Structure formats: C-alpha cells, structure tokens
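# Residue-level structural notes
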Amino acid sequence: MGLFAKEKPGPGPSPPEQRGDHETSFFGAKLTIKGKVSGSGNVIVMGQLEGECDLNGELVVAPSALVKGEVKAASVTVSGGFSGTLTAREKINIEKNAIVSGRLLTARLSTADGAVLNGEIEMKKPAASESTAKKVSSREEK
C-alpha cells in the first residue's frame, strides 16, 4: 500500500470518534495556563493551570503539575499539586506524593499512602444511590 493510500477499516475496535469516547488534551510541562477550561473531553495537566476548569470528562494532574482554582469534572486524579475547590461527580483519586489543599466534594474518595490532604471533604452518594436509599428507608418505615 502506498504512503498516502487510505486503509480500509477492518474488523476490530472502531476509532474513538465512533465509540463516543472523550478526546484527551495534554497541557505540557512547560505551559502555564490562566483562565477557564471547559468541554466534554479529558485533560491531562503536566504544567500549571490557574482558574476554572469544568469538564464532562476526567482531569488528571500529573506529578509535575500544579492546579489552582475551581475544578469540576466527572472524575479527578491528582498526582501533583492542587489548591482550591475540587468537585468530582464520580470520584477523586489522590495518588502517592500528591499535595492537595482546599475543599473536596465527591461521591467517592481514594487517598494513597504518602499523599498530603489538608482541607474540607464533603461526600454525597451519587443520585442513583440516593434513590435506592430512599426506597430502603421507606420499606423500613412500613
């Protein structure tokens, strides 16, 4: 097949665009970004991000990264530094050697041995679990 010839799709997994997967964007280690980041994709921060971040996907704060501000995402993994308000609809995962300070709001929280966490944590059950809890409590009342 020539260098510029198009390859016919064969059996196997379809490309991410067709599966509906989120795109992933990388902010390099030498970048400093100030402002607002939003979208439906995933973001991996390796440099510095200061401001607001509102994602429908996942945010990953790499070991070399520092994020300051207000973050909202489906899930967040912190391996570097974070300061501010961190809201994850699904889960916050704080890895070994991470330093996190501020306010955390999530349904699930995981903290590795060696991580530093200073601040306030508020955990609420996901919406599906809340409806299940209401059903169980109404059964107990009868």
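Structure report, in brief. (Residues numbered from 1 in each chain as written. Predicted model: local features only at pLDDT ≥ 70, side-chain atom pairs only at ≥ 80, totals over all residues. Heavy atoms only, no water.)

### Section: the overall build of the chain
- Across its full length, the chain holds two helices and nine strands.
- From first element to last, N terminus to C terminus, the chain shows the α and β order α-β-β-β-β-β-β-β-β-β-α.
- In the chain, which comprises 142 residues, the proportion classed as buried is 27%.
- Relative to all contacts within the chain whose residues are 6 or more apart in sequence, the contacts with residues 24 or more apart total 2%.
- Of the roughly 9400 Å² that the chain leaves accessible, carbon and sulfur atoms contribute 51%. (Helix = DSSP H or I, 4+ residues; strand = E, 2+ residues; numbered from the N terminus. Buried < 20%, exposed > 50% of the residue type's maximum accessible area, 1.4 Å probe, protein only. Contact = heavy atoms within 4.5 Å. Areas by Shrake-Rupley, 256 points an atom, 1.4 Å probe, with all protein chains shown as cover.)

### Concerning the pairing of strand β6 (residues 66-78)
- Alignment of strand β4 (residues 48-55) against β6, held across seven bridges, turns out to be parallel. In the strand pairing of β6, glycine 51 is matched with glycine 69.
- As paired strands, strand β5 (residues 58-61) and β6 are joined by four bridges and run parallel to one another. If you follow glutamate 58 over to β6, its bridge partner there is serine 75.
- Direction of pairing for β6 relative to strand β7 (residues 81-94): parallel, over a ladder of 12 bridges. When the bridges of β7 are listed, glutamate 70 appears paired with threonine 85. (Pairing = 2+ DSSP bridges.)

### Let's talk about the nonpolar core
- One finds Val45, Leu59, Val71, Val76, Val78 and Leu86 to be the most contacted residues of the largest nonpolar core, which totals 24 residues.
- Taken together, the elements giving at least two residues each to this core come down to β3 (42-45), β4, β5, β6, β7 and β8 (99-111).
- Those residues in contact with leucine 86 that sit more than four places away from it in its chain are Val71, Val76, Val78, Ile92, Arg103, Leu104 and Leu105. (Core = buried A, V, L, I, M, F, W, Y, C linked by side-chain atoms within 4.5 Å.)

### Side note on the side chain of threonine 77
- Relative to the elements of secondary structure, threonine 77 occurs in strand β6.
- Assessed through its relative accessible area of 15%, threonine 77 is described here as buried.
- Aside from chain neighbours lying at most four places away, what touches threonine 77 is Glu58, Leu59, Val60, Val61, Asn93 and Glu95.

From the geometry alone we can't say anything about function, so treat these as descriptive.
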